[in-house]
Amino acid sequence: RETFALSLSCSSSFLVEHQRRLSANVSRFNMSRASKSGIAADIEKRLEAKWDDLEEEGVPQAIVDWICAILDNPDDVCDDANWDSIHRFLKDGTRLVRVANVLRESENYDPIKYSRVESPFFCMDNIGKFLKAAEEYGVKRVDLFQTTDLYEGIKGPTVNVVTCLHGLGLVSKSRAFIPEYTGRGAIAQENKRGFTEEEIRAQSASVIGKQHSGSFGLASQAGMRAPGTQRHIS
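Per chain, residues are indexed from 1 in the order of the written sequence. For a predicted model such as this one, the threshold for reporting local features is a pLDDT of at least 70, and the threshold for listing and counting side-chain atom pairs is 80 or more; totals across whole chains, interfaces and linings nevertheless cover every residue. Excluded from the side-chain calculations are hydrogens and water; all other atoms, namely the structure's heavy atoms, are used.

Q: Quick question: what am I supposed to make of the side chain of H166 here?
A: Secondary structure is summarised from DSSP: a helix means a run of H or I of at least four residues, a strand means a run of E of at least two, and numbering begins at the N terminus for each. For H166, the position within the fold is in helix α8 (residues 155-174). Look at H166 and you get buried, because its relative accessible area is 16%. Sequence-distant contacts of H166, that is, excluding residues within four places in its chain, are made with V59, I63, Y181, G183 and R184. Buried means the residue's accessible area, taken with a 1.4 Å probe over protein chains only, is under 20% of the maximum for its type, while exposed means over 50%, and partly exposed covers the values in between. The criterion used for residue contact is that any of the two residues' heavy atoms lie within 4.5 Å.

What follows is the structure in structure tokens.
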């Protein structure tokens, strides 16, 4: 018994030390992450500005209210509707999957299994399951976000998360789901355009390439020579 107890104590100490080192490595990685520059920095600034616009329109607040109404649990209350609060509220993916399961139940679909283990792998797996369920429910693929957009907790990419949840709310609204999503907007409708073969041929015939319409100061073959020949300079 003493040997077994000693073995358990050693295993527990090893796990604690391993977790401590892992957390320290993650912290060092986050601190050493290079700041974005150039096009990446410009995109992030635009996303941050987009967040401010969405916040002014009340979209994040509408999403938080809707999710809390669906979950209907005192333990599922978001502190605020700012990007950091939404990140912490949804980061592990469990609440997202639970929302998806309520929506699926209203459509007579089977629920999705998820994990409550708080580790990056399982959290991101939960988020991935939600994204798949959201697309199956009717959210456009272009409106889906990347798992890191939510898990990393950065203001700019959180716009993608809110856009996806806003789209999910609008789809549920179109299906008369209760509680109703109060966010403003409408689902983009497909607008296919059909052309006959004659119309396509007529349009193609009216398009003349620049190289076939004379130079007129545009591109031409002047100065070009056959492959393998020398260019003579006078």
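Q: Before we go on, may I ask you to explain the state of the cysteines in this structure?
A: Covalent bonding between the sulfur atoms of two cysteines is what defines a disulfide. Two cysteine sulfur atoms form a disulfide, by the criterion used here, when they sit within 2.5 Å. By the definition in use, this model includes zero disulfides. Counting only cysteine sulfurs, C78 is the nearest neighbor of C68, a cysteine outside any disulfide, at a range of 6.2 Å.

Q: Please explain the packing of aromatic side chains as it appears in this structure.
A: The description of an aromatic ring pair rests on the distance of the ring centres and on the angle between the ring planes. Between rings of Phe, Tyr and Trp, where Trp is taken as its six-membered ring, a pair exists when centres lie within 6.5 Å; planes separated by under 30 degrees are stacked, by over 60 edge-to-face, and by other angles tilted. Counted under the stated rule, the structure contains three aromatic pairs. Both rings, one in F121 and one in F122, keep their centres 5.3 Å apart while their planes meet at 85°; by these two values the pair is edge-to-face. Residue class for F121 comes out exposed when judged on its relative accessible area of 60%. Judged by relative accessible area, F122 falls into the partly exposed class, the value being 31%. Put simply, a charge is over a ring when the Lys NZ or the Arg CZ is close to the ring centre, within 6 Å, and near the line of the ring normal, within 35 degrees. Over the ring of Y151 we find K91, and its NZ or CZ is 4.8 Å from the ring centre. When the ring centre of Y137 is taken as reference, the NZ or CZ atom of R175 above it lies at 4.4 Å.

Q: What am I meant to see in a nonpolar patch on the surface here?
A: On the surface, V117, F121 and F122 cluster together into a nonpolar patch covering about 300 Å² of accessible area. In this fold, F122 is placed in helix α6 (residues 120-137). The patch calculation keeps residues exceeding 30% relative accessible area without a salt bridge and links them within 9 Å when they carry like charges or within 5 Å when they are nonpolar (Val, Leu, Ile, Met, Phe, Trp, Tyr). Note that accessible areas follow from Shrake-Rupley with a 1.4 Å probe, and for residues the cover is restricted to the protein chains shown. A pair is scored as a salt bridge if a Lys or Arg side-chain nitrogen falls within 4 Å of a carboxyl oxygen belonging to Asp or Glu.

Q: Explain the pattern of salt bridges to me, please; I cannot follow it from the model alone.
A: Between side chains of opposite charge, pairing is possible as soon as their charged atoms come close. Tallied over the full model, the rule gives ten salt bridges. Among the ionic pairs, R104 bridges to E136, the shortest N-O distance being 2.9 Å. Note that R104 is positioned in helix α5 (residues 94-106) and E136 in helix α6, a separation of 32 residues in sequence. Assessed through its relative accessible area of 14%, R104 is described here as buried. Residue E136 is classed as partly exposed on the basis of its relative accessible area of 46%. Two residues, E135 and R141, come together in a salt bridge whose shortest N-O distance is 2.9 Å.

Q: Help me understand the side chain of D76, please; the structure alone is not making it clear to me.
A: Assignment of secondary structure puts D76 in the loop between α3 (59-71) and α4 (83-90). Under the relative-accessibility criterion, D76 is labelled buried at 4%. A distance of 2.9 Å separates the side chain of D76 from the side chain of R95, its partner in a polar contact. Excluding its chain neighbours within four sequence positions, the residues that come into contact with D76 are C68, L71, F89, R95 and R98. Residues adjacent in sequence count toward polar contacts only when both atoms are side-chain atoms; beyond that, a polar contact is any pair of N or O atoms within 3.5 Å, and within protein one must be able to donate a hydrogen and the other to accept it.

Q: Got a minute to help me understand the nonpolar core in this structure?
A: As a rule of thumb, soluble globular proteins bury nonpolar side chains together. With 44 residues, the main nonpolar core has W66, I67, L90, F130, F145, L165 and L168 as its most contacted residues. For this core, the secondary structure elements donating two or more residues are α2 (38-57), α3, α4, α5, α6, α7 (147-151) and α8. Considering every element that reaches this core, the biggest residue donor is α3, with nine residues. Residues in contact with I67, not counting those within four places in the same chain, are F89, L90, V99 and L165. Nonpolar core, defined: a set of buried Ala, Val, Leu, Ile, Met, Phe, Trp, Tyr and Cys residues in which side-chain atoms within 4.5 Å join the residues together.

Q: For this particular structure, what's the right way to read α6?
A: It helps to recall that an α-helix has 3.6 residues per turn; residues three or four apart then point in one direction. Helix span, as expected, comes to 1.5 Å for every residue beyond the first. With 18 residues, α6 ought to run about 26 Å at 1.5 Å a step, and its terminal C-alpha atoms sit 26 Å apart, in line with that. Along α6, the positions that sit buried rather than exposed are C123, N126, I127, F130, L131, A133, A134 and Y137. Looking straight down α6, one finds that the buried residues subtend no more than 165° of arc, so they occupy a single side. Exposed residues lying more than 90 degrees from the buried face of α6 are F121 and K132. On its buried face, α6 is in contact with α5, α7 and α8. Here, the arc refers to the directions that run from the helix axis to the C-beta atoms.

Q: Looking at this model, I keep getting lost on α2. Mind explaining?
A: For α2, spanning 20 residues, the distance from its first C-alpha to its last is 29 Å, which sits close to the expected 28 Å at 1.5 Å a residue. If you check which residues of α2 are buried, you get A41, E44, W51 and L54. End-on, the buried residues of α2 take up no more than an arc of 135°, which puts them together on one face. In this structure, α2 carries G38, I39, K45, R46, E56 and E57 as exposed residues pointing more than 90 degrees from its buried face. Buried residues along α2 sit in contact with α3, α4 and α8.

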